[in-house]
Amino acid sequence: LHEDSTGRVWMGTAAHGAFVWSAGVPAARALQLPGLPELGDLSVSHIHELRPGVLWLATLGRGVVVVEPGPAPGVDGALQARWQPLRHRPGWPLGLGDDTVRAILRDRSGLVWLATDSGVNIHDATQTALRTVLGLPGVTGAERVEISAILQAGDGRLWLGTQKQGVAVLDAAGGKTTHLRPDRQRPDSSLPEDIVLALVEGLQGEVWIATKRGLYRARADGSGLQRVTLAGRHPSAAIWALLRQGM
């Protein structure tokens, strides 16, 4: 879900594209893009407004769809919009590193981070090129790291969740990396070898980590974590999303 600068609420779905709801409209309307009829079958994993009136829709398999919506729905009730693709181009070093994009974050400096199945892309909104980082410092033996979630904490640290290699925590200066690695022998104090689905900062600066095999709470500096048990749920049950109340 994403609320844009005009108050419209955008909804990405697992297999039916994107929908948009506006105040005063009884139901959400499907987003339709001329020349992209398959949008209705796409998995939209994340939505981010790069600047007022320009939204980036991350998809699983079709890169990023850059959308400039019109002011009102068309005659059939569907929202019309101009769009352009942002896709992976083999051999092109300044493009998207992979067409599977799972999350988008704009940090405090204005850089846009895109989590892909081939590392992270870093985009300066004042430029047109993208920089791809295939591996991560501190993640040994990983020339290609599948990034699944991104968070910038209040202290400036950048948390990068991966699909099977835990979480990398980059300090604000970008010089030091802490790595919360999976360890099957310590299931209560280390992450599982499975996808990190969401990251959110808690009230005391701690970071909550949702995975496909349980919920974890990490120290603000990334020096350690503990598994969190929830009443009525198995400790290894999947946690698909997180939201801090009041955010």
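This is a predicted model, so every value here is computed, not measured.

Asks: Got a sec to walk through the overall build of the protein chain? Specific residues and values, please.
Replies: Summing up its helical and strand segments, the protein chain has zero helices and 20 strands in all. Within the protein chain, the proportion of its 247 residues that are buried is 45%. A sequence separation of at least 24 residues applies to 43% of the contacts in the protein chain between residues at least 6 apart.

Asks: Got a sec to walk through the pairing of strand E20 (residues 225–228)? Specific residues and values, please.
Replies: As paired elements, strand E19 (residues 214–218) and E20 share four bridges and run antiparallel to each other. Directly across from Tyr216, in E20, lies its bridge partner Arg227. As consecutive antiparallel partners, E19 and E20 are separated by six residues, and within that stretch Gly222 has a phi angle of approximately 75 degrees, a positive value.

Asks: Can you break down the sheet that holds strand E18 (residues 207–211) residue by residue, with the values?
Replies: Within a sheet, adjacent strands bond to each other through the backbone by hydrogen bonds, running parallel or antiparallel. Reading across the sheet, the four strands line up as E17-E18-E19-E20 and stay open at both edges, with antiparallel pairing between neighbours. Pairing within the sheet leaves two strands with one partner each, and these edge strands are strand E17 (196–201) and E20. Neighbouring strand axes in the sheet, compared pairwise and without regard to direction, differ in orientation by 25 degrees on average. The sheet contact formed by E18 and E19 spans five bridges and is antiparallel. Within the sheet, the bridge partner assigned to Trp208 lies in E19 and is Arg217.

Asks: Report on the layout of surface pockets, specifying residues and quantitative values.
Replies: Where empty space is left becomes clear once a probe the size of a water molecule has been rolled over the atoms. What the largest pocket holds in volume is close to 1300 Å³. As for the largest pocket, its lining consists of 33 residues, and the residues nearest its centre are Ser45, His46, Ala103, Leu197 and Ala198. When contributions to the lining of the largest pocket are tallied by element, the ones reaching two or more residues are strand E5 (44–51), strand E9 (101–106), strand E13 (147–152) and E17. Of the residues that constitute the lining of the largest pocket, the class distribution is 21 nonpolar, eight polar and four charged.

Asks: Could you give me a rundown of the pattern of salt bridges, with the residues and numbers involved?
Replies: Applying the stated criterion to the full structure yields nine salt bridges. Notably, a salt bridge pairs Asp155 with Arg157, separated by 2.4 Å at the nearest N-O pair.

Asks: Kindly report on the environment of Ala103, identifying the contributing residues and their values.
Replies: Note on placement: Ala103 falls in strand E9. Overall, Ala103 belongs to the buried group, its relative accessible area being 7%. C-alpha separation for the pair Ala103 and Ser45, spaced 58 residues apart in sequence, amounts to 6.8 Å. Not counting chain neighbours up to four residues away, the residues in contact with Ala103 comprise His46, Trp113, Leu114, Ala115, Ser148, Ala149 and Ile150.

Asks: A description of the environment of Arg213 should follow, citing residues and the corresponding values.
Replies: With respect to the helices, strands and loops of the structure, Arg213 is situated in the loop between E18 and E19. A relative accessible area of 35% means that Arg213 is categorised as partly exposed. On a C-alpha basis, the gap between Arg213 and Ala238 in space is 4.9 Å, while along the polypeptide they are 25 residues apart. What Arg213 contacts, discounting residues up to four positions off in sequence, is Pro192, Glu193, Asp194, Pro235, Ser236, Ala237 and Ala238. At 2.9 Å, the side chain of Arg213 forms a polar contact with the backbone oxygen of Glu193.

Definitions and limits used
- Residues numbered from 1 in each chain as written.
- Predicted model: local features only at pLDDT ≥ 70, side-chain atom pairs only at ≥ 80, totals over all residues.
- Heavy atoms only, no water.
- Helix = DSSP H or I, 4+ residues; strand = E, 2+ residues; numbered from the N terminus.
- Buried < 20%, exposed > 50% of the residue type's maximum accessible area, 1.4 Å probe, protein only.
- Contact = heavy atoms within 4.5 Å.
- Pairing = 2+ DSSP bridges.
- Axes fitted to C-alpha atoms, helices over the stretch in contact; angles between N-to-C directions.
- 1 Å grid on protein atoms, 1.4 Å probe; cavity = no way out; pocket = protein on both sides within 12 Å on 5 of 7 lines; lining within 4 Å.
- Points joined across faces, edges and corners; volume = space filled by probe spheres on them.
- Nonpolar A, V, L, I, M, F, W, Y, C, P; charged D, E, K, R; others polar.
- Salt bridge = Lys/Arg side-chain N within 4 Å of Asp/Glu carboxyl O.
- Polar contact = N/O pair within 3.5 Å; in protein donor to acceptor, adjacent residues only side chain to side chain.

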